[in-house]
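# An overview of the molecular structure
Letter by letter, the chains look like this.
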Amino acid sequence: MPSQDERSTAGARAPLLPAPTPRRASARLYPLPLLVAAAFAASYHLFALAPSPSYYQSLLLSLGSNDTAAAHLRALTVRPHLAGTEANAAAAAHVASALSALSFPTRLTPYSVLLSYPARRSLSLSAPGRDTTEFALKQETYPGDPYAAVSAEAVPTFLAYAASGSVAAEAVYANYGRAEDFAYLAARGVNVTGKVALARYGKVYRGDIVKNARDAGAAAAVIYTDAKDYAQGKAFPDGPWMPPTGVQVGSTFRGVGDPTTPMWASSEGCERLSVAEAMASDDMPEIPALPVSAKDGEAILQLIGGDAAPEDWQGGADAPAYRLGPGPAVLNLTYLGNETMATIQNVISVIEGKEEPDRYVILGNHRDAWTFGAVDPNSGTAALLELAQRLSELQKKGWRPRRTIILCNWDAEEYGLIGSTEWVEENRAMLTSRTVAYLNVDSAVYGLGFYASATPQLDELLIEASKQVQNPDNGTQSLYDLWMASNTSPLIGRLGGAGSDYSAFVQHIGIPSADMSIGSDYAVYHSLYDDFVWMEKFGDPLFKRHVAAASMWGLLALRLSDEEILPFNYSYYAAELENGAEDMNERVLGMPVSLSPLHKSIKEFKRAVLKVDSELKALQTWKIWAPWRNSPLTVRDINDRLMMTERAFTEREGLSGRPWYKHLIYAPSLYNDYGAEVYPGVDDAIQKAKRTNNTESWQSVQHEIHRISRVIDQAALVLSGGLT
């Protein structure tokens, strides 16, 4: 671990990877003896000395340790550890110590960033003829709770970056707080202006709920966890569901990274916006907002009158009838936030590659949690450390990766993907020129099933790897069988949403990436009850799922780092581009828009895919029957093309109105930060054109179609390895 002075002085950071050694002048060698010697050496190493990559893959899968994963999770979750707190610094020290103990060069990389904490909160409910109810805004512990005492360290329930202020106004019920929900209220003649919008969690990002309320004219917003969605059975600790006083806390920032350094890294001495300027950004909610429990939300709904809400806006069987309002319920809300510059710390650890140390396979998970974080995110952190232990064991058996593996533990993800974004922005030039792939695991274990998302060239690799990993819930099956039984559609999701740390890698600099987990949802998300007891009782009692997640993660890392030819298949990308074009065609049918530029570009990309597939088959054939014909430069060239094609889908100017998002194929929906869109710039333009329906707006749609056509043309050129 570096000294305190090294950690606090960003400008003095020493590289974890040494600079390449200058090459010495060599004597002239005659070509024929050299070729014979090279062929003999290659064959000798292939058949006599070096174990094959598959040997180390099998060894990795055999080394899983349930106890190691459980021990790390218990240690990481002994206290709530919100970003910027002493407890989270202690968690960073645990991760760094564990990695350093394995003899991996490791350091803490600090950044000063704008974080948000609650200073004062209050919420009361009144109505004519009723006594005023003062809400406690507190999550209750339960009898025998082993974390009851330390729960006092948890941050009070709040929504990060909500505007400070006080509002007393009638309540309006807005369902899930989507744009279409507020449009429905307007169509029904329900006036939201100046009111407090009450919405429930479950469909869109909470920051979009507050923004939609603001755009509809609301003076404040309250978001609650509806029992219909979060309490469908026995509540924790008797079951896995959210207790009545449970509250989902979280961020409402709709941007990415440190709010004071938009578009650039938060390095020491850098240019910054003031706190006031950052808080005035359109990515901030700009109105006061609070989260409340199902119990408090139901109390408010009981006093809202007006017309009955539609059937699909109603609650569960035991809930009162939901009405739209406004009033007569009046909410008196006060929120005072403390927006302050705080130090966060990423942990970065390196396993240097042998043949290609300048090519990186990066694994990432975040560490910071709103409370204890047993599922989100420290099931992923525990899996990362358990995997690191296995990689160390491989090293003892003689393994060294062909390419460099970098293990990253991010900070302040919960506030807006801050730690990973600042690191990517600070190292952008190196990462864009050297990174093969980024593999993200946010929460490794939620419960049942297997779920994965990726950029399409990794689809085949994910499927193949899942067939080698054992199903943690059925020893006679593979993880692939579990995946098939999970009934996900599509099988592999896409990384367009801004829900985790892959965002900067894919959407900002165009790195092939994947994200995966065992299970996908859990009821106590971002609440006080996401602790080790919940995980041990309901999430993963035997910690077999943690081991399976680490096995899948590690197997992908080994294949990407060790195989001579990168295991990418761009035919899946071509199909994805084509499917996106078909969906777009349905949306613009009958409009003054032509998709012919897009179809032409996709056709060129498919030609490039066929060309590179042919080259890859030839290389694989030579590798088996004539290894001396596989020139290292030829292999390097095709690998570079496979690696750099994803970069070609980015454009310097970024999406219109959202310049940080450089990737024109994948980015978040403009209306739901969690939602992934294919061709996001076109989607934004179509939605605007359908609202305004004028010539200029449809010309903007056509312009966006030309933009994506151009980046697909660029990707085709990179993949084919040719110039015009």
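Structure: above.
Residues numbered from 1 in each chain as written. Predicted model: local features only at pLDDT ≥ 70, side-chain atom pairs only at ≥ 80, totals over all residues. Heavy atoms only, no water.

### A word on the overall build of the protein chain
- Within the protein chain, the regular secondary structure consists of 24 helices and 17 strands.
- Since a compact globule built from 724 residues should have a radius of gyration of about 27 Å, the 27 Å found for the protein chain is in line with a globular shape.
- With respect to the three principal axes, the spread of C-alpha positions in the protein chain is 100 × 65 × 55 Å.
- For the protein chain, the proportion of its 724 residues judged to be buried stands at 57%. (Helix = DSSP H or I, 4+ residues; strand = E, 2+ residues; numbered from the N terminus. Rg over C-alpha atoms; globule rule 2.2 N^0.38 Å. Buried < 20%, exposed > 50% of the residue type's maximum accessible area, 1.4 Å probe, protein only.)

### Let's talk about the packing of helix H22 (residues 632–644) against helix H24 (residues 695–720)
- Contact pair H22 / H24: the axes reach a minimum separation of 8 Å and the direction vectors enclose 160°. Looking at the two axes, H22 sits roughly antiparallel to H24. The crossing of H22 and H24 is left-handed. Between H22 and H24, the contacting residues are Arg641, Leu642 and Met644 on the first element and Val718, Leu719 and Ser720 on the second.
- The class makeup of the residues in the contact of H22 with H24 is four nonpolar, one polar and one charged. (Axes fitted to C-alpha atoms, helices over the stretch in contact; angles between N-to-C directions. Parallel < 35°, antiparallel > 145°, perpendicular 65-115°, else oblique. Left-handed = near helix turned anticlockwise from the far one by under 90°. Contact = heavy atoms within 4.5 Å. Nonpolar A, V, L, I, M, F, W, Y, C, P; charged D, E, K, R; others polar.)

### Some details on the nonpolar core
- Ranked by size, the top nonpolar core spans 221 residues in total, and within it Leu115, Tyr415 and Phe605 carry the most contacts.
- It is helix H19 (residues 544–562) that contributes the most residues to this core, 10 residues altogether.
- Filtering out sequence-adjacent residues up to four positions away, Tyr415 remains in contact with Leu82, Ala83, Leu115, Ser116, Tyr117, Phe158, Ala160, Tyr161, Ser251, Phe253 and Trp370. (Core = buried A, V, L, I, M, F, W, Y, C linked by side-chain atoms within 4.5 Å.)

### A short note on the pattern of salt bridges
- The final tally for this structure, using the stated rule, is 39 salt bridges.
- For Arg652, the salt bridge is made with Glu653, and the minimal N-O distance between the two is 3.6 Å.
- Overall, the relative accessible area of 70% leaves Arg652 in the exposed class. (Salt bridge = Lys/Arg side-chain N within 4 Å of Asp/Glu carboxyl O.)

### Points about the side chain of Asp258
- Considering the arrangement of structural elements, one finds Asp258 in the loop between strand E7 (250–251) and helix H9 (275–279).
- Within the structure, the side chain of Asp258 is placed 2.6 Å from the side chain of Thr260, a separation counted as a polar contact.
- Within the structure, the side chain of Asp258 is placed 3.2 Å from the side chain of Ser266, a separation counted as a polar contact.
- If near-sequence neighbours (up to four positions away) are discounted, Asp258 is found in contact with Ser112, Val113, Leu114, Ser266, Arg272, Ile418 and Glu422. (Polar contact = N/O pair within 3.5 Å; in protein donor to acceptor, adjacent residues only side chain to side chain.)

Honestly, it's all geometry; don't read function into it.
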